[in-house]
Each structure stands twice: as C-alpha cells, then as structure tokens.
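Residue-level structural notes
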Amino acid sequence: MAGLELIHSPLFALVVTLAAFQIAFWAYQRSQRFALLHPTISGAVLIAGTLTALGIEYPEFYQNIHWLNFLLGPVTVALAVPLYRQLHLLRDIATPLLITTFAGAAFACGSALILAWSLGATKTTLLSLTTKSITTPIAIVVTDDIGGIATVAVASVILTGIVGIVSIEWLFKKLNIQDDRLWGFCLGLAAHAIGTSRAFERSTVAGAFSSLALCLTGTVTAIFVPLAANWFAAL
Amino acid sequence: MLAGFLTLLGFQLIGEFLQRAFDLPLPGQVIGMLLLFIALMIRGSVPAQLEKGSQHLIDILPMLLMAPAAGVFFLGAGFADQWPGFIAAISAGTILTLIFCGLLLKFLTRRKRVNR
C-alpha cells in the first residue's frame, strides 16, 4: 500500500520516540516511580519492541532520530544552573565533599574497569564503562570522544543508576549512615540522575546534596577520563 | 525561554570553539558548562529565561536517552561475550562505590567534628 513507506521516515521515528516517552512517563508516575520502570528503560523497551514488530532495522531508526542527540549539548551546558543553585550547600563540609568526589569518581571508574577487564571485556567495552557513574549527556559526549560505544555507555549509566537506588537503603542502614547530606551525596556520586531523583524522595536536603554530587562527579570525570584515556593510548 | 536556549547554545559554541582552538582534552559542551557556571557566580543570580530553558531541557533528558538506550537490544552477537564483565562491573562496581564513598565521607566528616 502506498504511504506505508513512511515508517522509514524521520517523522515516524520522532512520533515513535515521543509516543514511547509519553507512555513510559505515564507508567513510571502510575507505579510511584518504580525504579525498573524509569522512562529511559521502559521507553527503550517500547522502541525496541516497535522496531522489531514493524521490521525496522535499528541502525536505520537511529539514523532517523540521531539529530535529537544534538540537544544533549545544550542539556550539558544547562547542568551549570542546578550546580550553581547548590553552591551554598557546599560551604559547611566542602573539603570532605571535594575529597570524596575525586576519590569516589576514581573508584567508580577504576572498580568497573578492573572487574570488567578481569572478566575478559574488550578495550571498546572498557572505554564505554569509564563513564558509568556520571550523568548520561556527559557520558555520551565523553565516550564518543575517547572511542567507546554510546549505546553501551548509556546502558551502563542506566543500569548503574538502578543498582544504586535498589541497594542504597539496605546498604547505608548496615553502614549506619543516616545523615541526609551523606546519604544524598553518595547516591548522587555513584548513581547520578536516577539516584538524585530517589534522593529527593527521601528529603530536599538529600536531593540537593545528590544534585551537587551529580554535577561535581560529572565534571571531574569529564575532565580526567579523556586525559587518562589519552595517557593510556600513548603507552 | 528562547533567550534561555540562546544563552545555552552561545556558551556551548564558545566551549566548542575553545576546544578546537586550543585542542583541549575536554568536550566543548563541558567547557561551555564550566564557563556558564563561572558566569553565574560572577553575576550572582540565574536569569529567569535561563532558569526556564534549562529546566525544560533537563525535563526531557530521559527522552533524549531512549533512542541510544534502545540500541542495547540490537548489539548483536558481537557483544555477547562482553555481557559477564559488563554486568559484574556495573552491579559489584556500583555497590562497592557506594560503600567506599559512604565510609570515606563518614570518616572525613567525623574527624572534622572532632577538630572543632
């Protein structure tokens, strides 16, 4: 039938993406923000299902929707606004937070690399894992820069967020850490935006410290991962 | 709101330019973010338009990530042998990171209280 070829157009790709987002967001709200239904996950499942059902190749779809990635640039710049908003919270315990940011960002990246490497991951996979603990727009940009796979980077960021919010409650009870500032900061550092939305559910203070950690870790990782990758490449 | 977008794109453009001009190891967007952060500190407040534009963009962030995330299902056979390391790195790595950061921050803030 004439007209059906429209399923191969950028317009159709955009309609699928927006519709998937609406449905995913609605389901996430209805489920009271159930971690596994995070819009990025359920939306991705909906898109993958639609493509499979209609027999559309993923590379073709991605080509058609790729221009949306352009918006990740201004989103990254926009993160400066919440970071500036949280600045006053830093002053009280600035030094411990900064030390933890550097040590924690290095630990998040290093532990992932050692674990993956010891289980036989290739260089490309390793490069895509370096940004697992930072917020996705920065992760995609950095990963592209150092030669990783954007898709693997996004998957690792999302899965990291889920593991973080599923485990923190129990973990920090065991470690006897109940200070909202520490709770939020660690969650934001290890589990970025997904962790931050969970921290806001605990309290405003936890949420604010989580956003702060998200911005700091993102910045530190974005600065040092490309430097470290260049250095290793030169060895 | 458009004025806000203009500000964001303007800072990104400056960031991209500096990255190319000086061959910096940081992505241009990240340089743009740092520059905007410094500019906000100097100005001492966030313009309403910029606040609005940034919020709108940050709100649709999950949507921007869906298309790349869907690619996970289409990585194919070439990636099959990578999954064990990938899963281990993420689950164990993230839990270890939470423990490490929690204990470190607890230790650092406790010492500070003693110093006072």
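Given the structure is predicted, the values throughout are model-derived calculations rather than measurements.

1. Some points on the overall build of chain A
Summing up its helical and strand segments, chain A has 12 helices and zero strands in all. Going from the N terminus to the C terminus, chain A shows its helices and strands as α-α-α-α-α-α-α-α-α-α-α-α. A compact globule built from 235 residues would reach a C-alpha radius of gyration of about 18 Å, and chain A, at 19 Å, matches this within 12%. Considered along the principal axes of its C-alpha atoms, chain A spans approximately 65 × 50 × 35 Å. A total of 235 residues make up chain A; the buried ones form 56% of that total.

2. Comments concerning the overall build of chain B
Scanning chain B from N- to C-terminus turns up five helices and zero strands. The helix and strand sequence of chain B, counted from the amino end, reads α-α-α-α-α. A globule of 116 residues ought to have a C-alpha radius of gyration of about 13 Å, yet chain B, at 21 Å, is considerably larger. Seen through its C-alpha atoms, chain B measures out along the principal axes to roughly 55 × 45 × 30 Å. Here chain B, with 116 residues, has 46% of them falling under the buried criterion. Contacts spanning at least 24 positions in sequence make up 42% of the contacts within chain B whose residues lie at least 6 apart. Counting every atom, chain B has about 5900 Å² of accessible surface; 69% of that belongs to carbon and sulfur. Here chain B contributes 9 positively and 5 negatively charged side chains, and the mean placements of these two sets differ by 23 Å.

3. Points about helix 11 (residues 180-202) of chain A
In a regular helix each residue adds 1.5 Å, so 23 residues correspond to 33 Å; helix 11 of chain A covers only 8 Å between its end C-alpha atoms and thus falls short of that length. The N-cap residue of helix 11 of chain A is A:Asp179: its side-chain oxygen and the backbone nitrogen of A:Arg181 are 2.8 Å apart.

4. Considerations on the UniProt feature "transmembrane region" (unreviewed entry) in chain B
In this numbering, the UniProt entry assigns the feature "transmembrane region" (unreviewed entry) to residues 31-48, 60-80 and 86-108 of chain B. Helix makes up 78% of residues 31-48 of chain B and strand 0%. Its end C-alpha atoms lie 23 Å apart.

5. Remarks on the pattern of salt bridges
Summed over the entire model, instances satisfying the criterion amount to three salt bridges over all chains. A:Arg85 serves as the salt-bridge partner of B:Glu51, at 2.2 Å between the closest nitrogen and oxygen. Linking B:Glu51 in helix 3 (residues 48-59) with A:Arg85 in helix 5 (residues 80-85), this pair reaches from one chain into another. Given the relative accessible area of 25%, B:Glu51 is considered partly exposed. A salt bridge links A:Arg181 to A:Asp179, with the nearest nitrogen and oxygen atoms 3.2 Å apart. Residue A:Arg181 is classed as partly exposed on the basis of its relative accessible area of 22%. Judged by relative accessible area, which is 26%, A:Asp179 ranks as partly exposed.

6. Looking at the interface of chain A and chain B
Contacts between the two partners involve 95 residues from chain A, matched on the other side by 70 residues from chain B. Taken together, the two surfaces of chain A and chain B that pack against each other cover about 7100 Å², and 83% of this comes from carbon and sulfur. On the chain A side of the contact with chain B, A:Tyr58, A:Val77 and A:Tyr84 bury the most area, a combined 9% of that side's loss. Between the two partners, chain A and chain B, sit one salt bridge. Looking at which element gives the most residues to the side of chain A that touches chain B, the answer is helix 10 (residues 150-174) of chain A, with 13 residues.

7. What to know about the domain arrangement of chain A
Residue and element names in this part refer to chain A. Segmentation of chain A into domains returns domain 1 (4-70) and domain 2 (79-234). Taken residue by residue, the interface counts eight residues in domain 1 and seven residues in domain 2. Between domain 1 and domain 2 the total buried area reaches about 600 Å² when both faces are included, carbon and sulfur atoms providing 73% of it. At the boundary of domain 1 and domain 2, one finds zero salt bridges. Classifying every residue of the side of domain 1 that touches domain 2 by side-chain character gives five nonpolar, two polar and one charged.

8. What to know about a nonpolar patch on the surface
Residues and elements named next belong to chain A. A surface patch of nonpolar side chains, amounting to about 360 Å² of accessible area, comprises Leu98, Phe102, Phe224 and Leu227. Structurally, Phe224 can be placed in helix 12 (residues 204-234). The partly exposed category is assigned to Phe224, whose relative accessible area is 43%.

9. A word on the domain arrangement of chain B
When the domains of chain B are assigned, the result is domain 1 (1-62) and domain 2 (83-116). Using only C-alpha atoms to locate each centre, domain 1 of chain B and domain 2 of chain B end up separated by 31 Å.

How each quantity is defined
- Per-chain numbering applies: the sequence of each chain, read as written, is numbered from 1 onward.
- All chains are assigned letters beginning at A, and all ligands numbers beginning at 1, according to the order in which they are written.
- The predicted nature of this model means local features are confined to residues of pLDDT at least 70 and side-chain atom pairs, given and counted, to a pLDDT of 80 or more, with totals for whole chains, interfaces and linings taken over all residues.
- Calculation of side-chain values draws on the structure's entire complement of heavy atoms; hydrogens and water are dropped beforehand.
- Numbering of helices and strands runs from the N terminus, with a helix taken as a DSSP run of H or I at least four residues long and a strand as a DSSP run of E at least two residues long.
- With C-alpha atoms as the basis for the radius of gyration, the globule rule is written as 2.2 Å multiplied by the number of residues raised to the power 0.38.
- The buried label applies to any residue whose accessible area, calculated with a 1.4 Å probe on protein chains only, is under 20% of its type's maximum; exposed applies above 50%, and partly exposed to all values in between.
- When checking whether two residues touch, look at their non-hydrogen atoms; a contact exists if any pair is within 4.5 Å.
- Residue exposure ignores everything except the shown protein chains as possible cover, and the areas themselves are Shrake-Rupley values with a 1.4 Å probe.
- Working convention for charge: Lys and Arg count positive, Asp and Glu count negative, and His plus the chain ends are omitted.
- Taken as the charge centre is NZ of Lys, CZ of Arg, CG of Asp or CD of Glu, depending on the residue.
- Residue count minus one, scaled by 1.5 Å, sets the expected span of a helix.
- Under the rule applied, a polar contact is a pair of N or O atoms within 3.5 Å (in protein, one hydrogen donor and one hydrogen acceptor; residues adjacent in sequence only if both atoms are side-chain atoms).
- UniProt positions are given in the numbering used here, feature names are shortened, and annotations may be inferred rather than shown by experiment.
- Whenever Lys or Arg places a side-chain nitrogen within 4 Å of a carboxyl oxygen from Asp or Glu, that contact is recorded as a salt bridge.
- Once two parts are brought into contact, the accessible area they lose, counted with a 1.4 Å probe and summed over both, makes up the buried area.
- Residue ranges for the domains trace back to a domain assignment, done automatically or taken from a database.
- Three categories are distinguished: nonpolar for Ala, Val, Leu, Ile, Met, Phe, Trp, Tyr, Cys and Pro, charged for Asp, Glu, Lys and Arg, and polar for the others, with Gly belonging to the last.
- Patches in this entry comprise residues that are over 30% relatively accessible and not in a salt bridge; like charges within 9 Å are linked, as are nonpolar side chains (Val, Leu, Ile, Met, Phe, Trp, Tyr) within 5 Å.

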